[in-house]
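Fold and contact review
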Amino acid sequence: MRTDSTVFIVGAGPIGMSLALLLDRLGIDSIVVERSPGITTHPKARDLNARTMELFRMWGLEEPIRA
Ligand SMILES: Cc1cc2nc3c(=O)[nH]c(=O)nc-3n(C[C@H](O)[C@H](O)[C@H](O)COP(=O)(O)OP(=O)(O)OC[C@H]3O[C@@H](n4cnc5c(N)ncnc54)[C@H](O)[C@@H]3O)c2cc1C
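Analysis parameters
- Residues numbered from 1 in each chain as written.
- Predicted model: local features only at pLDDT ≥ 70, side-chain atom pairs only at ≥ 80, totals over all residues.
- Heavy atoms only, no water.
- Helix = DSSP H or I, 4+ residues; strand = E, 2+ residues; numbered from the N terminus.
- Buried < 20%, exposed > 50% of the residue type's maximum accessible area, 1.4 Å probe, protein only.
- Areas by Shrake-Rupley, 256 points an atom, 1.4 Å probe, with all protein chains shown as cover.
- Lys, Arg positive; Asp, Glu negative; His and termini not counted.
- Charge placed at Lys NZ, Arg CZ, Asp CG, Glu CD.
- Pairing = 2+ DSSP bridges.
- Right-handed = clockwise from strand over helix to strand, strands pointing away.
- Expected span 1.5 Å × (residues − 1).
- Arc of directions from axis to C-beta.
- Contact = heavy atoms within 4.5 Å.
- Phe/Tyr/Trp six-rings, centres within 6.5 Å; stacked < 30°, edge-to-face > 60°.
- Near = heavy atom within 4 Å.
- Nonpolar A, V, L, I, M, F, W, Y, C, P; charged D, E, K, R; others polar.

**Thoughts on the overall build of the protein chain**
For the protein chain, the count of helices and strands is three helices and two strands. Expressed along its principal axes, the backbone C-alpha trace of the protein chain runs to roughly 35 × 30 × 15 Å. Burial status across the protein chain gives 15% buried among its 67 residues. For the protein chain, the exposed area adds up to about 5,800 Å²; of that, 59% sits on carbon and sulfur atoms. Side chains of the protein chain carry 8 positive and 8 negative charges; the gap between the two charge centres is 6 Å.

Following this line, the structure appears as structure tokens:
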């Protein structure tokens, strides 16, 4: 695992993953660490509001999010 980076992000939830994505777009290197080995088996969202989908679309994530 890499240990050198400008930004160290703890947690690969929506906040951590969005932060890593946006930092990357700005050319800022980051490392994301997550304590869970996979995705959660307990759903933590049942819908996304329109603004959230606008952002996901801008970030090129609409298709995987819809899937
Ligand atoms: C039961 C439930 C239902 C919900 N329903 C909705 C909904 O319908 N719509 C909606 O918009 N929102 C919903 N939410 C809220 C939504 O899930 C949260 O707002 C969102 O997940 C917060 O994102 P986050 O990245 O801040 O935190 P989290 O999603 O909690 O992610 C934090 C991550 O950090 C990891 N982590 C924590 N500590 C460490 C550590 N020391 N080292 C490494 N990794 C660590 C955790 O494993 C986790 O993966 C719901 C939440 C719950 C609990």
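**Side note on the pairing of strand E1 (residues 7-10)**
Of the strand pairs in this sheet, E1 and strand E2 (residues 30-33) are connected by four bridges, and their pairing is parallel. Bridging across to E2, Val-10 finds its partner in Val-33. With helix H1 (residues 14-25) bridging E1 and the parallel E2, this β-α-β connection has right-handed handedness.

**Some remarks on H1**
For H1, built from 12 residues, the straight-helix expectation of 16 Å at 1.5 Å per residue is met to within 8% by its first-to-last C-alpha distance of 16 Å. Listed as buried for H1 are Gly-16, Ala-20 and Leu-23. Seen end-on, H1 carries its buried residues on one side only, within an arc spanning 70°. Exposed and oriented more than 90 degrees from the buried face of H1 are Pro-14 and Ile-15. Contacts made by the buried residues of H1 are with E1 and E2. Within two residues after H1, Gly-27 carries a phi angle of roughly 80°, on the positive side.

**Thoughts on the packing of aromatic side chains**
What the rule picks out here adds up to one aromatic pair. Seen from their ring centres, Phe-56 and Trp-59 are 5.9 Å apart, and the 75° between their planes marks the pair as edge-to-face. Note on Trp-59: relative accessible area 13%, which makes it buried.

**Some remarks on the site of the ligand**
Around the ligand lies a shell of 15 residues, among which Gly-11, Ile-15, Glu-34, Lys-44 and Arg-46 are the nearest. Considering the ligand on its own, with 1,000 Å² of exposed area, one finds that the protein chains cover 50% of that surface. Grouping the constituent residues of the shell around the ligand by class yields six nonpolar, four polar and five charged.

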